[in-house]
Amino acid sequence: MFGFRISVKSVATLFIATLVIGGAGHLQAQVSRRPRHESTANRKERIQRIIHDTYSHRYEVAGGGGYLRFRSGETLQKNNEVTFWMTGTRYFNPKLGITADIRGAYGHAKVGNTAFNIPNPQISQYNFMAGPTYRIYSRQKYAVSIYGVGGAALGKFDTGSKGIPSSELHLWETGYRPAFSVGANLDYNFFPNFAMRISPTYVGGLYRLSPNDTVTSKGSIQNNVGFNIGLLYRFGRIK
């Protein structure tokens, strides 16, 4: 588990570094000289060109980190988790695209006092989702889009409990389960092809309790909220 987690984090770090380097290498090409005295008409025309240049890109890749409040068991308190995320979006027009979304989250479940007398065990989840993205607001410096994605989540709830089964701690059962997420992307453009992104997000999960758990209810939809923050790079052109 430890080796896998380090590997996933390393891939995420490499992805973000590549994003920054790739964006920086194209920034100079995006800078246009402005005339010293610019008429209102010329200014509006220039801004429209920049807007078109920004949102006519065919592809976006983005990545970063974040925070999630996660429900780790039917009767347990929510716990804090740190996250990483990576997305890739293919736009069919300046507004509508399809997004592939990968996320990871790490935290310590609040199991409380138990007969096993162990500290709160580490848990993790990995989400693999896809779905539509729709840009509802686009200006020279700002853009807002909304998205809805769904897919599968791999929850690991008994790897940090020193061999104690998750059912004994009333944690969710380890394994793959359906997951979905909706949220908004708030982009601030440094250049037409390079931006910062902040995303308030809701993550829904369908983890369940082990059949061996003594809790009467065997699980329900987990409603988790948080936010992501990172960098965005655009490339290619919509024909």
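A short tour of the structure in this document, coming up. The model shown is predicted, which means the values in this text are computed figures rather than measured ones.

When strand E1 (residues 59-71) meets strand E8 (residues 222-235), the two strands line up antiparallel, connected through 11 bridges. Across the sheet, Leu68 pairs through a bridge with Gly226, a residue of E8. Note: strand E7 (residues 194-205) against E8, 12 bridges, orientation antiparallel. Note on E8: the bridge partner recorded for Ser199 is Asn228.

Before going further, it helps to spend a moment on empty space enclosed by the protein. Counted according to the given criterion, the structure contains two cavities of 30 Å³ or more. What the largest cavity holds in volume is close to 170 Å³. Secondary structure elements with two or more residues in the lining of the largest cavity: E1, strand E2 (78-91), strand E3 (96-108), strand E4 (122-138), E7 and E8. If one sorts the elements of the lining of the largest cavity by residue count, E7 sits on top with four residues. Within the lining of the largest cavity, the residues separate by chemical class into nine nonpolar, nine polar and one charged.

Opposite charge on two side chains permits pairing when their charged atoms draw close. Using the criterion set out here, one finds nine salt bridges in the structure. A salt bridge links Arg208 to Glu173; the nearest nitrogen and oxygen atoms lie 3.4 Å apart. Separated by 35 residues along the polypeptide, Arg208 in the loop between E7 and E8 and Glu173 in the loop between strand E5 (142-156) and strand E6 (175-191) bring together distant segments of the chain. Judged by its relative accessible area of 27%, Glu173 falls in the partly exposed class.

Bringing the packing of aromatic side chains into the picture now. Taken as a whole and judged by the stated rule, the model has 12 aromatic pairs. Measuring from centroid to centroid gives 6.3 Å for Phe70 and Phe157, while their planes differ by 5°, and the two rings are stacked. Taken as a pair, Phe70 in strand E1 and Phe157 in the loop between E5 and E6 lie far apart in primary sequence, 87 residues in all. Like Phe157, Phe70 is buried. Look at Phe70 and Tyr207: their rings are 6.2 Å apart centre to centre, the planes differ by 80°, and that puts the pair in the edge-to-face class. One end of the pair, Phe70, is in strand E1; the other, Tyr207, is in the loop between E7 and E8, and 137 residues separate them in sequence. As far as burial versus exposure is concerned, Phe70 and Tyr207 are alike and both buried. One aromatic cluster is present, built from ring pairs that chain together Tyr142, Tyr188, Phe190 and Phe194.

Analysis parameters
Residues numbered from 1 in each chain as written. Predicted model: local features only at pLDDT ≥ 70, side-chain atom pairs only at ≥ 80, totals over all residues. Heavy atoms only, no water. Pairing = 2+ DSSP bridges. Helix = DSSP H or I, 4+ residues; strand = E, 2+ residues; numbered from the N terminus. 1 Å grid on protein atoms, 1.4 Å probe; cavity = no way out; pocket = protein on both sides within 12 Å on 5 of 7 lines; lining within 4 Å. Points joined across faces, edges and corners; volume = space filled by probe spheres on them. Nonpolar A, V, L, I, M, F, W, Y, C, P; charged D, E, K, R; others polar. Salt bridge = Lys/Arg side-chain N within 4 Å of Asp/Glu carboxyl O. Buried < 20%, exposed > 50% of the residue type's maximum accessible area, 1.4 Å probe, protein only. Phe/Tyr/Trp six-rings, centres within 6.5 Å; stacked < 30°, edge-to-face > 60°.

Remember, this is a structural readout, not a statement about activity or role.
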